[in-house]
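Observations on the model geometry
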Amino acid sequence: MKNTVVVGAQFGDEGKAKITDLLAQKADFITRFQGGSNAGHTVVVNNKKYAFHLIPSGILYENKICMIGSGCVIKPDDLKAEIDNITAQGVSIEHFKKCLKISPLAHITLKYHCDIDGYSESELGKNKIGTTKKGIGPTYTDKYARSGIRVEDLFNLETLNKKLDVILPKKNKELEFVYNLKPYSKEEILAECELYREILAPYVDFDWQENLLKIKQEKTILFEGAQGVMLDIDYGTYPYVTSSNPISAGAGIGASMGPFALQEAVGVFKAYMTRVGEGAFITELLDETGEKLRSTGAEFGVTTGRPRRCGWFDAVSARYSVLVGGLTTAAITKLDVLDNFEKIKVATAYKNKKTGEIEKNYPTNVYTHTDYEPVYETLEGWGEDITNCKTYNELPINARKYLQKLEELLGIKISIISVGPDREQTIFI
Ligand code: GDP
Ligand code: IMO
Ligand code: MG
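Figured I'd write up the structure that's included with this text. (Residues numbered from 1 in each chain as written. Chains lettered and ligands numbered in written order. Predicted model: local features only at pLDDT ≥ 70, side-chain atom pairs only at ≥ 80, totals over all residues. Heavy atoms only, no water.)

A closer look at the overall build of the protein chain
Along the protein chain, the regular secondary structure elements total 12 helices and 19 strands. Since a compact globule built from 429 residues should have a radius of gyration of about 22 Å, the 22 Å found for the protein chain is in line with a globular shape. Oriented by its inertia axes, the alpha-carbon framework of the protein chain measures out at about 65 × 50 × 40 Å. A burial count over the protein chain gives 56% of its 429 residues as buried. (Helix = DSSP H or I, 4+ residues; strand = E, 2+ residues; numbered from the N terminus. Rg over C-alpha atoms; globule rule 2.2 N^0.38 Å. Buried < 20%, exposed > 50% of the residue type's maximum accessible area, 1.4 Å probe, protein only.)

Okay, structure coming up:
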């Protein structure tokens, strides 16, 4: 396998973890490169379901190294809870100690980042982003404001103290006077950092430079994206986005290996669309068809349990994702969810409701999205269970026609089709 990055090509929850877990069979090293425990990644093996948030989705294999890269943000107590959940399902803690690595350059989410995330959301009221309240935005804000705490800081008390002397007075002013929140004493933060140091100690890879050089030269690498292109801080439906770069270009930075370590970018698309949180969603269905997609696809968030908004496949945003996400091939997931839909629609363009004109480009200013309505092409459904199909030719003719239509609209080859949550329910073409 070529060094590959798995990128969510819609609004997240496309089934990236299933695809990552599958491709991880052929990789030696699997690395997350952005995001934090806002992600909710489900892997199903022999009917057993595992939920990951920060841990790379390749962790279920023996002898593969899984790394939480420098571009990620880590809330160590969330990571501990995640490890505890997986060990309760039978994976040994020794396995984690052997296979899980953390970059010393990743940033730490402290309690105050979560306080700010929660408060900002309630302050925004009806204008809220609908974040996961995991402190993601405030942690990345501090990173770029050059006032963040990195994993390595937890292991050097002298510099941690010096940093806190600079950071904390300013942060406390922000907490008290901007947000009307409780300030933290230095002792409280030091105690929090001590706890986090203990949690992370077995996993931090202080020899990451030497190790990554070798991995780059000798091993097959799988980069695992979280969220999706339409939630990207630069290219998504800004400001209704996350605070990192889920696009393929984010992988070179966030996994400390530069852009030329990547050879292929698989964009993961659900056969329809979902979104959690607020923000534009031009093909959203607020009727019983949307409800049917939600119930058939079990569309409820892994991290927050929120019901996901549902709608038809949007080829306008998909083409945009192919471009800005740097996608080279596509994986189509959850095709089986459409088994019992008589008609299936795909948005091929947007029509401007005021002028009647067709807009082929994706309108990047989301505040104008209410001006548009989708122009749909309607295809016939297939009306039969495809969850046991093992090859492309076993798929009903109308399912193949739907895939051909998507491939034509995307302009890249579909290389993987997923017809159920299990590893086995996958067709490679
Ligand atoms: P991720 O965040 O992109 O990894 O996706 P999530 O795990 O949040 O959501 C995808 C959900 O769809 C999970 O519950 C998966 O087990 C499930 N899933 C993945 N692929 C398929 C598929 O082809 N068919 C069905 N029915 N479910 C799938
Ligand atoms: P995976 O990796 C779907 C959404 C939130 C919110 C916005 C910003 O499972 O696909 P944040 O907490 O990141 O500041 O929230 O992004 N969001 C996701 N939606 N899947 C995800 O991850 C998401 N991670 C964040 O709902 O709209
Ligand atoms: Mg998810």
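Still more ground to cover, so stick around.
With respect to the coordination of the magnesium ion (ligand 3)
Protein-derived ligands of the magnesium ion (ligand 3) are Asp 13 (OD) and Gly 40 (O), with the metal-ligand distances lying across 2.0 to 2.1 Å. Of this pair, Asp 13 sits in the loop between strand 1 (4–8) and helix 1 (16–24) while Gly 40 is found in the loop between strand 2 (29–32) and strand 3 (41–45), placing the two residues 27 residues apart along the sequence. Judged by its relative accessible area of 14%, Gly 40 is buried. (Donors = N, O, S within 2.8 Å, 3.2 Å for Na, K, Ca; no water.)

Looking at the site of ligand 1
With respect to spatial proximity, 19 residues lie near ligand 1, and among them Gly 15, Lys 16, Thr 42, Asp 336 and Ser 418 are the closest. The contact in question runs from an oxygen atom of ligand 1 to an N or O atom on the backbone of Gly 40, over 2.8 Å. Contact distances for ligand 1 include 2.5 Å between an oxygen atom and a side-chain N or O atom of Ser 418. Protein coverage of the free-state accessible area of ligand 1, which is 590 Å², stands at 92%. Those elements that provide at least two residues to the shell around ligand 1 are helix 1 and strand 3. (Near = heavy atom within 4 Å. Polar contact = N/O pair within 3.5 Å; in protein donor to acceptor, adjacent residues only side chain to side chain. Areas by Shrake-Rupley, 256 points an atom, 1.4 Å probe, with all protein chains shown as cover.)

Re the environment of Arg 146
Counting through the fold element by element, Arg 146 comes out in the loop between helix 5 (136–144) and helix 6 (157–178). Accessibility expressed as a relative area gives 78% for Arg 146, which makes it exposed. Between the alpha carbons of Arg 146 and Ile 167 there is a distance of 9.4 Å; along the sequence they are 21 residues apart.

What about the side chain of Asp 314?
Take Asp 314: it is sitting in strand 13 (residues 313–314). No salt bridge forms around the buried Asp 314; measuring N to O, its nearest opposite-charge neighbour Arg 319 is 7.2 Å away. A polar contact of 2.4 Å, which involves the side chain of Asp 314, links it to the side chain of Tyr 350. Other than its neighbours up to four places away in sequence, Asp 314 contacts Met 273, Thr 283, Ala 347 and Tyr 350. (Lys, Arg positive; Asp, Glu negative; His and termini not counted. Salt bridge = Lys/Arg side-chain N within 4 Å of Asp/Glu carboxyl O. Contact = heavy atoms within 4.5 Å.)

Things to note about the pairing of strand 1
In terms of burial, strand 1 is a largely internal element, five of the five residues being buried. Neither face of strand 1 is open: one carries Thr 4, Val 6 and Gly 8, the other Val 5 and Val 7, and all of them are buried. Sheet analysis places strand 1 next to strand 10 (residues 264–270), joined by five bridges and oriented parallel. Of the residues in strand 10, the one forming a bridge with Thr 4 is Glu 264. (Pairing = 2+ DSSP bridges.)

Structural notes on the pattern of salt bridges
Using the criterion set out here, one finds 23 salt bridges in the structure. Here Asp 142 makes a salt bridge to Lys 171, at a shortest N to O gap of 3.0 Å. Placement of the pair is Asp 142 in helix 5 and Lys 171 in helix 6, with a sequence separation of 29 residues. Measuring nitrogen to oxygen at the nearest pair gives 2.7 Å for the salt bridge that ties Lys 163 to Asp 153. With Lys 163 in helix 6 and Asp 153 in the loop between helix 5 and helix 6, the pair connects residues that are 10 residues apart, well separated along the chain. Taking the relative accessible area as the measure of exposure, Lys 163 reaches 27% and is therefore partly exposed.

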